[in-house]
Amino acid sequence: MIEVALVGIGKIAVDQHVPAISASRDWELAATVSRHGTVAGVTAYDDFDEMLAERPDIRVVSLCVPPVPRFSYAARAIAAGRHVMLEKPPGATLSECHALEAMAREAGVSLYATWHSRQADKVATARAWLAERSLRKLEIRWREDVRYWHPGQDWVFEAGGLGVFDPGINALSILTEILPVPVHLAEAELDFPENRETPIAARGRFRHPDGAEMGFDFDWLEPGTPVWTIEAETESGTMRLENGGGALWIDGAEAEALPGLSGEYPRLYARMAELVASGQSEVDLAPLRHVADAFLIGRRRTVAPFHW
Ligand code: NAP
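Residues numbered from 1 in each chain as written. Predicted model: local features only at pLDDT ≥ 70, side-chain atom pairs only at ≥ 80, totals over all residues. Heavy atoms only, no water.

Peer 1: Please provide a residue-by-residue account of helix α3 (residues 67-79), values included.
Peer 2: Here α3 spans 19 Å end to end across 13 residues, near enough to the 18 Å set by a 1.5 Å rise per residue. Residues of α3 that are buried include every one of Pro-67, Arg-70, Tyr-73, Ala-74, Ala-75, Ala-77 and Ile-78, and no others. Looking at the buried residues of α3, the elements they touch are β1 (2-7), α2 (48-54), β4 (60-63), β5 (83-86), α4 (94-107) and β6 (111-113). Gly-81 lies just past α3 and shows a positive phi near 80°. (Helix = DSSP H or I, 4+ residues; strand = E, 2+ residues; numbered from the N terminus. Expected span 1.5 Å × (residues − 1). Buried < 20%, exposed > 50% of the residue type's maximum accessible area, 1.4 Å probe, protein only. Contact = heavy atoms within 4.5 Å.)

Structure, rendered in structure tokens:
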């Protein structure tokens, strides 16, 4: 059993981390650290440094706080010799992620920048299918209702909170997993509500080395059923990844998942157990790099104010 402390008992910790840890034979939830939340039956701390000092038995810290406060927790955990698991996005900036990587290497601990959407059931099948084909066109549509999916979470609209790129980076994490070649952003347009610090919608086009047409359309004001779709056209067939990677249609027929453990968060914890056992880290920053590029080259439009 690997003893883990969960830090930040909010939406994702309660919805996904606690059930995934509880269902695993390899993991034990040994403590929580939170200013407000607790998990029944688990020792609760409200001071992170106190938990680190009192609990040398806890070898892994899993950070479920938003991106801006995450670096400070990760740096203190690594300094205390703990392995660290980062929710997505792995940080508020690329540089702080590189700094954490260097600290983890120096301390000899494992650092895992998780991308839960890459673990969705059909992503591996889509990757295998695309690996053998020549891409002509790929379009990402990631549109959902922020009021439903992030009710009252003001941090998403504060600087460093990513705005619509908070869900959009999930699409970019799938894109960078399934494409056999790297691409880079060529242009983008970002819509900022006049009373907020992050965009509520964004569109962009990528440059593909073989000239395939590629783009994304992210929107946080989509009413009703969310659209989390990546559609690709190749010279030998079409692919439609839906439901955030949970469903896949190839040439109009539903495709099977590859065999293996089921569920995004169970897979993340299984991978973390492997990294700890092998003394390795896994920090792929490609999705965050595309977001940083969008903020660097994107044209900015001011749009109507956003209120919850
Ligand atoms: P959340 O519920 O708004 O916040 C998580 C916890 O972080 C809060 O309970 C709070 O912990 C702590 N926190 C918030 N602001 C803080 C601050 N300024 N300083 C220190 N701690 C702070 O957020 P969430 O939806 O769980 O998202 C957390 C991370 O998971 C984000 O990076 C997000 O992108 C990712 N994620 C979210 C979802 C989702 O569906 N919501 C899905 C996948 C991944 P305490 O009050 O307990 O101290």
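Here the narrative resumes, following the displayed structure.
Peer 1: Go over the packing of helix α7 (residues 165-178) against helix α9 (residues 286-297) with me, naming the residues and quoting the values.
Peer 2: Close contact between α7 and α9 brings their axes to 8 Å; oriented N to C, the two are set at 125°. Relative to α9, the element α7 is oriented oblique. When you trace α7 past α9, the crossing you get is right-handed. Contacts between α7 and α9 involve Phe-165, Ile-169, Leu-172, Ser-173 and Thr-176 from the first element and Ala-286, Pro-287, Leu-288, His-290, Val-291, Ala-294 and Phe-295 from the second. (Axes fitted to C-alpha atoms, helices over the stretch in contact; angles between N-to-C directions. Parallel < 35°, antiparallel > 145°, perpendicular 65-115°, else oblique. Left-handed = near helix turned anticlockwise from the far one by under 90°.)

Peer 1: Report on the site of the ligand, specifying residues and quantitative values.
Peer 2: Close to the ligand lie 24 residues, the nearest being Ser-34, Arg-35, His-36, Arg-70 and Asp-166. Within the backbone of Ile-9, an N or O atom sits 3.2 Å from an oxygen atom of the ligand. A distance of 2.6 Å separates an oxygen atom of the ligand from a polar atom in the side chain of His-36. For the ligand, the accessible surface in isolation is 880 Å², of which the surrounding protein chains cover 82%. With 4 residues, the single largest contributor to the shell around the ligand is α3. (Near = heavy atom within 4 Å. Polar contact = N/O pair within 3.5 Å; in protein donor to acceptor, adjacent residues only side chain to side chain. Areas by Shrake-Rupley, 256 points an atom, 1.4 Å probe, with all protein chains shown as cover.)

Peer 1: Talk me through the pattern of salt bridges; I want residue IDs and the actual numbers.
Peer 2: Applying the stated criterion across every chain yields a total of 21 salt bridges. Ionic pairing is found between Arg-205 and Glu-139, a salt bridge with its closest N-O pair at 3.0 Å. With Arg-205 in strand β9 (residues 201-207) and Glu-139 in strand β7 (residues 135-143), the pair connects residues that are 66 residues apart, well separated along the chain. Of the charged contacts, one joins Glu-274 and Arg-271 as a salt bridge, the two residues approaching to 2.7 Å between their closest N and O atoms. Of this pair, Glu-274 and Arg-271 both sit in helix α8 (residues 264-278), 3 residues apart, which is roughly one turn of that helix. By relative accessible area, Glu-274 is classed as partly exposed at 46%. Overlapping salt bridges bring together Glu-189, Asp-191, Arg-203, Arg-299 and Arg-301 as one network. (Salt bridge = Lys/Arg side-chain N within 4 Å of Asp/Glu carboxyl O.)

Peer 1: Describe the environment of Ala-80, and please don't skip the residues or the numbers.
Peer 2: Mapped onto the secondary structure, Ala-80 falls in the loop between α3 and β5. Sequence-wise, Ala-80 and Val-109 are 29 residues apart; in three dimensions their C-alpha atoms are separated by 9.9 Å.

Peer 1: Please give an account of a negative patch on the surface that cites residues and values.
Peer 2: On the surface, Asp-46, Asp-47, Glu-50 and Glu-54 cluster together to form a negatively charged patch. Looking at the secondary structure, you find Asp-46 in the loop between β3 (44-45) and α2. Note on Asp-46: relative accessible area 61%, which makes it exposed. (Patch = residues over 30% accessible without salt bridge, like charges linked within 9 Å, V, L, I, M, F, W, Y side chains within 5 Å. Lys, Arg positive; Asp, Glu negative; His and termini not counted. Charge placed at Lys NZ, Arg CZ, Asp CG, Glu CD.)

Peer 1: Summarise the confidence of the model for the chain; cite the residues concerned and give the values.
Peer 2: Confidence along the chain averages 97 in pLDDT terms, with 100% of residues attaining 70 or more. Of all helices and strands in the chain, the one with the weakest mean pLDDT is strand β14 (residues 253-254) (96), whereas β6 scores best (99). (pLDDT = per-residue confidence, 0-100.)

Peer 1: Tell me about the sheet that holds β7, and name the residues and values.
Peer 2: The pairing of strands in a sheet happens through backbone hydrogen bonds and is either parallel or antiparallel. Spatially, 9 strands are ordered β14-β13-β12-β11-β7-β10-β9-β8-β15 in an open sheet, and the strand pairing comes out mixed. Strand pairing shows two members of the sheet lacking a second neighbour, β14 and β15 (299-303), which therefore form its edges. In this sheet, strand β10 (residues 213-219) lies alongside β9 in antiparallel orientation, the contact comprising 7 bridges. Of the residues in β10, the one forming a bridge with Phe-206 is Met-214. (Pairing = 2+ DSSP bridges.)

Peer 1: Account for the domain arrangement of the chain, with residues named and values stated.
Peer 2: Split by domain assignment, the chain resolves into domain 1 (2-113) and domain 2 (120-259 + 291-303). Distance from the C-alpha centre of domain 1 to the C-alpha centre of domain 2: 27 Å. Taken residue by residue, the interface counts 8 residues in domain 1 and 10 residues in domain 2. Both faces considered, domain 1 and domain 2 share a buried interface measuring about 680 Å² in area, 69% of it formed by carbon and sulfur atoms. Across the contact surface, domain 1 and domain 2 share 1 salt bridge. (Domains from an automatic or database assignment. Buried area = accessible area lost by both parts, 1.4 Å probe.)

Peer 1: Can you break down the sheet that holds β5 residue by residue, with the values?
Peer 2: The parallel open sheet is built from 6 strands, whose spatial order is β3-β2-β1-β4-β5-β6. Two strands in the sheet have a free side with no partner beyond their single neighbour: β3 and β6. Judged from the 4 bridges that link them, β4 and β5 form a sheet pairing that is parallel. Residue pairing across strands places Ser-62 opposite Met-85, the latter belonging to β5.

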